[in-house]
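Summary of the model geometry
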Amino acid sequence: MMKSAAMARRAFGGSLGRLAAAALLAGCGFQLRQPPNFAFKSIYTGVSPTSALGSELKRNLAVVGKVDPTQQKRADVILDILQELRQKIVVGTNSAGQVREFQLRLTFRFRLRTPQGKELIPETEMLQQRDISFNESAVLSKETEEALLYRSMQSDIVQQLLRRLAAVKEI
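Now for a quick tour of the structure. Here, residues in each chain are numbered from 1, in the same order as that chain's written sequence. The predicted origin of the model limits local features to residues at a pLDDT of at least 70 and limits the giving and counting of side-chain atom pairs to 80 or more, whereas totals for whole chains, interfaces and linings rest on all residues. No hydrogens and no water enter the side-chain calculation; it runs on all heavy atoms of the structure.

Pairing of strand β3 (residues 99–113) with strand β4 (residues 119–133) involves 12 bridges; the strand directions are antiparallel. Each bridged residue has a counterpart across the sheet, and for E101 the counterpart in β4 is S133. Think of it this way: DSSP has to see at least two bridges between two strands before they count as a pair. A run of DSSP states H or I qualifies as a helix once it reaches four residues; a run of E qualifies as a strand once it reaches two. Both are numbered from the N-terminal end.

Before going further, it helps to spend a moment on the sheet that holds β3. A sheet is described by the order of its strands in space; here four strands give the open sequence β1-β2-β3-β4, paired in mixed fashion. Looking at the sheet topology across the chains shown, the edges are occupied by β1 (43–44) and β4. Strand direction decides the pairing type here: strand β2 (residues 77–93) and β3, joined by 14 bridges, are antiparallel. Counterpart to I89 in the pairing with β3 is Q103. Strand contacts of helix α2 (residues 52–63): β1, β2 and β3, with the helix running at about 135° to β2, the strand carrying the most contacts. Two residues qualify as a contact provided that any one of their heavy atoms is within 4.5 Å of a heavy atom in the partner residue. Between N-to-C directions, angles span 0 to 180 degrees; the directions come from axes that are lines fitted to C-alpha atoms, helices contributing only their stretch in contact.

This next bit is on the pattern of salt bridges. In a structure, side chains of opposite charge can pair up when their charged atoms sit close to one another. The term salt bridge refers to a pairing of a side-chain nitrogen on Lys or Arg with a carboxyl oxygen on Asp or Glu at a separation within 4 Å. Here the structure, examined in full by the defined rule, presents seven salt bridges. A salt bridge links R111 to D80; the nearest nitrogen and oxygen atoms lie 2.9 Å apart. Taken together, the residues R111 in strand β3 and D80 in strand β2 connect sequence positions 31 residues apart. Here's how the labels work: a residue is buried when its accessible area is under 20% of the maximum for its type, exposed when over 50%, partly exposed in between, all with a 1.4 Å probe on protein chains only. A residue is classified by how much of its surface remains accessible, and R111, at 29% relative accessible area, is partly exposed. When its relative accessible area of 12% is taken as the criterion, D80 is described as buried. Of the charged contacts, one joins D80 and R113 as a salt bridge, the two residues approaching to 2.6 Å between their closest N and O atoms. Of the two residues, D80 sits in strand β2 while R113 sits in strand β3, which places them 33 residues apart along the sequence.

In this section: the pairing of β3. From the end of β2 to the start of β3, which pair antiparallel, there are five residues, and G97 there has a positive phi angle of about 85°. Where β3 folds back on β4, the antiparallel hairpin that results is connected by five residues, among which G117 adopts a positive phi of roughly 105°.

Here we take up the packing of aromatic side chains. Here is the rule: rings of Phe, Tyr and Trp (six-membered ring for Trp) pair when centre to centre is within 6.5 Å. Planes less than 30 degrees apart are stacked, more than 60 are edge-to-face, and the remainder are tilted. Inspection of the entire model under this criterion finds three aromatic pairs. Plain terms: the ring middles of F108 and F110 are 5.9 Å apart, the flat faces sit at 25° to each other, and that makes the pair stacked. Owing to a relative accessible area of 0%, F108 belongs among the buried residues under this scheme. The aromatic ring of Y150 is capped on one face by R86, whose charged end is 4.7 Å from the ring centroid. Cation over ring: K88 sits above F102, and NZ or CZ is 4.5 Å from the ring centre. The criterion for a charge sitting over a ring is simple: Lys NZ or Arg CZ within 6 Å of the ring centre, and within 35 degrees of the ring normal.

Running from amino to carboxyl end, α2 crosses helix α3 (residues 139–167) at an angle of 45°, the nearest separation of the two axes being 10 Å. In terms of axis orientation, α2 runs oblique to α3. Every pair of crossing elements has a handedness; the one defined by α2 and α3 is right-handed. Contacts from A52, L53, E56, L57, N60 and L61 in α2 reach Q154, S155, I157, V158, Q159, L161 and L162 in α3. Classifying every residue of the contact of α2 with α3 by side-chain character gives eight nonpolar, four polar and one charged. Note on terminology: angles under 35 degrees are roughly parallel, angles over 145 are roughly antiparallel, angles of 65 to 115 are roughly perpendicular, and the others are oblique. Helix crossings are classified by the rotation of the near helix relative to the far one: an anticlockwise turn of less than a right angle makes the crossing left-handed, while a clockwise turn makes it right-handed. All residues other than Ala, Val, Leu, Ile, Met, Phe, Trp, Tyr, Cys, Pro, Asp, Glu, Lys and Arg, Gly among them, are scored as polar; the first ten of these are nonpolar and the last four charged.

Turning our attention to the layout of surface pockets. Cavities and pockets were defined on a 1 Å grid built over protein atoms only: a cavity is a set of grid points that admits a 1.4 Å probe from which the probe cannot escape, a pocket is an open set flanked by protein on both sides within 12 Å along at least five of seven lines, and lining residues are those with an atom within 4 Å of any such point. Grid points are joined across faces, edges and corners, and a volume is the space filled by probe spheres set on the points. Within this model, the largest pocket holds a volume of roughly 170 Å³. What lines the largest pocket is simply R33, Q34, P35, P36, N60, V63, V64, Q159, L162 and R163. When residues of the lining of the largest pocket are traced back to their parent elements, those giving at least two are α2 and α3. Looking at the lining of the largest pocket, the element that brings in the most residues is α3, giving three residues.

And the structure:
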């Protein structure tokens, strides 16, 4: 009987603690990240169909309801993608000259303008980089890790780009 009463007090105290934490978070103004609000209704991106970053960008724009028209003239704004470059640079070797560490880089340059040519965001470059160790005995796993790191950098750039597009207040 004693154990069940103690267990009931702990269960009540735990749920009370969670309730108190929720009340504190609500009181401090905490809220989950909301989808961005854009000043434009539609955007033309003109990304290459083979671009993984461009595909992710289109998916994210579709989620927030921004249509990607097939013609530039119908769009409110045009996102010019000037460069998307992946690089793999050797940054560390051992005494025998074997590679031990790479740096992966993803560079993305863009600008945002209206169909009439008014520049809303001037030419901007975003760069993400990650370091990755290398081991000859684990080549396949390192290739998988490299792909995951590139995907992570790509997602970071897309999120940064969406925030920059949402910062545009007037067209």
